Amino acid sequence: MCKVWKVLCTLCVAVLGCVDGEPLCAAKGRAKYSLIFSGKWSRTAFPKQYPLYRPPAQWSPLIVVSHSSDYHMWRVGEYASNGVREFVEKSEAWTLMREVEASGEKIQSVYGVFSTPAIPNGVEQTSTEFEVHARHSLMSFIARIVPSPDWFVGSDSFDLCEEDTWKEQVSVDLYPYDAGTDSGFTFSSPNFATIPQDTITEITSSSPRHPANSFFYPRLKQLPAIARVTLTRLKDSQLIGISTVQSNLLPMGNEIDDSVSETPLDCEVSNWSSWGLCMGKCTEMGIKHRTRYIRLKPANSGNPCPVLEEEEQCVLHNCV
């Protein structure tokens, strides 16, 4: 029975070109790519609770892995590993790197590990170069949103091979994910571990559906992209091997389409206070007041704040 199964698997690879139902890359040689990460996390695009200090909006280093279909750094709908958890909560990459190395040694699924420097604000660029080949044609990466409870952007198993051809250039808009390890709602939430741990989910303009969430914009059908990654095949496919490569930050330039989204932010106010005491002369109707305060100021043509104080006539008591 085992021999029959091995023959069937061999036929599948040789005739159909597949492994576990996935097509094999038939591109020749190796391909070297540049990766440019462009932050688009601006106060205009994401005005709600935008972090300005302690710390201001910024990005962690990117961890980039070229690999085969046997490996996954992270996947939507699955639980984050301990390495991913430490990275997205604390920007600590040691455990994640050990996990990558262990996977590469065990099943030879990892070809290269690369990184970029951290980005000190929300809208700069950074870059690195990496290499893939037919057996390891997939690329995954992860970058932490700083500050945040456990939020990140990234790509899971992006295939740079299309049948027998390497892709020349591709740009991918990135949206935030929740690692499911911390229950904070805002960028600056204190640590509050999610017990039991939840799975990785995409954060949208309406999910989590809580008005305190920093990405909750109920007027939007979709959040604007918070970042973009551009992959370009390089003509000089010089061998890189398994290594960690760091490169300089790039100033945000005009060479990449970077249209700025203006996300409307409506005013948010508190509930009304209780009515105050009825005040006035005993010979006339009295007046009482109640107030509310602004929780969130409007931005980018969002709905203005309503009135913050009301008064109402009342009947005075204890008048002689």
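Residues numbered from 1 in each chain as written. Predicted model: local features only at pLDDT ≥ 70, side-chain atom pairs only at ≥ 80, totals over all residues. Heavy atoms only, no water.

**Side note on the nonpolar core**
- Membership of the largest hydrophobic core comes to 41 residues, with the highest contact counts inside it found for F37 and F130.
- Of all the secondary structure elements, the ones that give two or more residues to this core are strand 3 (30-39), strand 7 (125-133), strand 8 (138-146), strand 9 (151-159) and strand 15 (227-234).
- Ranked by size, the runner-up nonpolar core spans 20 residues in total, among them I63, A80, V84 and A93. (Core = buried A, V, L, I, M, F, W, Y, C linked by side-chain atoms within 4.5 Å. Buried < 20%, exposed > 50% of the residue type's maximum accessible area, 1.4 Å probe, protein only. Helix = DSSP H or I, 4+ residues; strand = E, 2+ residues; numbered from the N terminus.)

**Observations concerning the packing of helix 2 (residues 82-90) against helix 3 (residues 94-107)**
- At a minimum axis separation of 7 Å, helix 2 and helix 3 run at an interaxial angle of 150°. As summarised for this structure, helix 2 and helix 3 are arranged roughly antiparallel, according to the angle between their axes. As for the relative orientation of helix 2 and helix 3, their crossing is left-handed in sense. Judged by residue contacts, N82, G83, V84, E86 and F87 of helix 2 engage T95, L96 and E99 from helix 3.
- Among the residues forming the contact of helix 2 with helix 3, the class breakdown is 3 nonpolar, 3 polar and 2 charged. (Axes fitted to C-alpha atoms, helices over the stretch in contact; angles between N-to-C directions. Parallel < 35°, antiparallel > 145°, perpendicular 65-115°, else oblique. Left-handed = near helix turned anticlockwise from the far one by under 90°. Contact = heavy atoms within 4.5 Å. Nonpolar A, V, L, I, M, F, W, Y, C, P; charged D, E, K, R; others polar.)

**Here's the deal with the environment of T116**
- Mapped onto the elements, T116 comes out in the loop between strand 6 (110-115) and strand 7.
- When its relative accessible area of 0% is taken as the criterion, T116 is described as buried.
- Separated by 56 residues in sequence, T116 and S60 place their C-alpha atoms 8.9 Å apart.

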